[in-house]
Amino acid sequence: MVSEQGISIHKALASLDLYVNNFTNGNINFNPQGSREPRHRNGTKLIGTSGEVELPEVTNLTDTIEGAGTGGNLEIPVIGLTDTMDIQIPYTTLSKDAFSMMNPNEAADLLLSGAIQGMDSGTGKVGYTQLSIAVRGVVKTFTPGSVKAGAKMESSVTLSLSYYKIVIDGTTMLEIDKLNGVYIVNGEDVLKEVRNMC
């Protein structure tokens, strides 16, 4: 749709029509912080020690429905149950920060804070949106990397997650707490009714 304010992108979400007049350029910066304190207090900033971090994929567990009247097999997600979620934290070299997450008796907390740059397609004004990703998990894999003169070691620690939260501009878009039965999507507590029954 073309308007005086510029080109808007139309997306349909179920019965909701959403008109977007902004587009994003991508992340302009991010900062990882590690901590063993709850709620990520007193975290240590890992400036320059970590490279690109690929965020965990969320895959819902499913069950196959079959039988008369179904027209064949149909995979239905089991609400609130997800497959294993892993996150790999790369390091340019071996560091004490990497080893601080490796005690298998303790869960490690990690907070990724960033800013997303966007532009209003009507006015051309640049704006920024805060991005925050919090995870908690135990060490699954440690890769020390390789040693070569004048080269990065490409070390990494992989955590198996029990907690995963994505906050955009102050709104909780996703929160999964496997140990406490929490599954929030776009601000909606999907498992609230189930928790009240159990």
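Everything here concerns the structure above.
Notes on the structure in this doc start here. (Residues numbered from 1 in each chain as written. Predicted model: local features only at pLDDT ≥ 70, side-chain atom pairs only at ≥ 80, totals over all residues. Heavy atoms only, no water.)

In this section: the nonpolar core. Soluble globular proteins tend to bury their nonpolar side chains together. Within the largest apolar cluster, 23 residues are counted, with the highest numbers of intra-cluster contacts made by Ile87, Ile89, Met101, Ile133, Val135, Leu159 and Tyr164. Residue assignment for this core shows that the elements contributing at least two residues are strand 9 (86–91), strand 10 (108–120), strand 11 (126–143), strand 12 (155–168) and strand 13 (171–177). The biggest single contributor to this core is strand 12, with 5 residues. (Core = buried A, V, L, I, M, F, W, Y, C linked by side-chain atoms within 4.5 Å. Buried < 20%, exposed > 50% of the residue type's maximum accessible area, 1.4 Å probe, protein only. Helix = DSSP H or I, 4+ residues; strand = E, 2+ residues; numbered from the N terminus.)

A full pass over the atoms with the stated rule returns 3 salt bridges. The residue Lys140 makes a salt bridge to Asp86 at a minimum N-O spacing of 2.7 Å. You can see Lys140 sitting in strand 11 and its partner Asp86 sitting in strand 9, a full 54 residues away along the chain. The class for Asp86 is partly exposed, based on a relative accessible area of 27%. Asp189 is the salt-bridge partner of Arg195, the closest N and O atoms lying 2.5 Å from each other. Overall, the relative accessible area of 26% leaves Asp189 in the partly exposed class. (Salt bridge = Lys/Arg side-chain N within 4 Å of Asp/Glu carboxyl O.)

Note on aromatic pairs: each is described by the distance of the centres and the angle between the planes. Inspection of every chain in the model, using the stated rule, returns 1 aromatic pair. Between Phe99 and Phe142, the aromatic rings sit 5.3 Å apart at their centres with planes inclined by 55°, giving tilted as the arrangement. Of this pair, Phe99 sits in helix 1 (residues 96–99) while Phe142 sits in strand 11, and the two are 43 residues apart along the sequence. The cationic tip of Arg136 hangs over the ring face of Tyr163; the distance from NZ or CZ to the ring centre is 5.4 Å. (Phe/Tyr/Trp six-rings, centres within 6.5 Å; stacked < 30°, edge-to-face > 60°. Lys NZ or Arg CZ within 6 Å of the ring centre and 35° of its normal.)

What follows deals with the environment of Val185. Inspection of the secondary structure assignment puts Val185 in strand 14 (residues 182–185). Through-space distance from the C-alpha of Val185 to that of Lys165 is 9.9 Å; in sequence the pair is 20 residues apart. Apart from the residues within four sequence positions on either side, Val185 is in contact with Met173, Leu174 and Val190. (Contact = heavy atoms within 4.5 Å.)

With respect to the secondary-structure elements, Pro77 resides in strand 8 (residues 74–82). A relative accessible area of 37% places Pro77 in the partly exposed class. Residues Pro77 and Asn60, spaced 17 residues apart in sequence, show a C-alpha to C-alpha distance of 5.9 Å. When neighbours within four sequence positions are excluded, Pro77 is seen to be in contact with Asn60, Leu61 and Thr62.

From the geometry alone we can't say anything about function, so treat these as descriptive.
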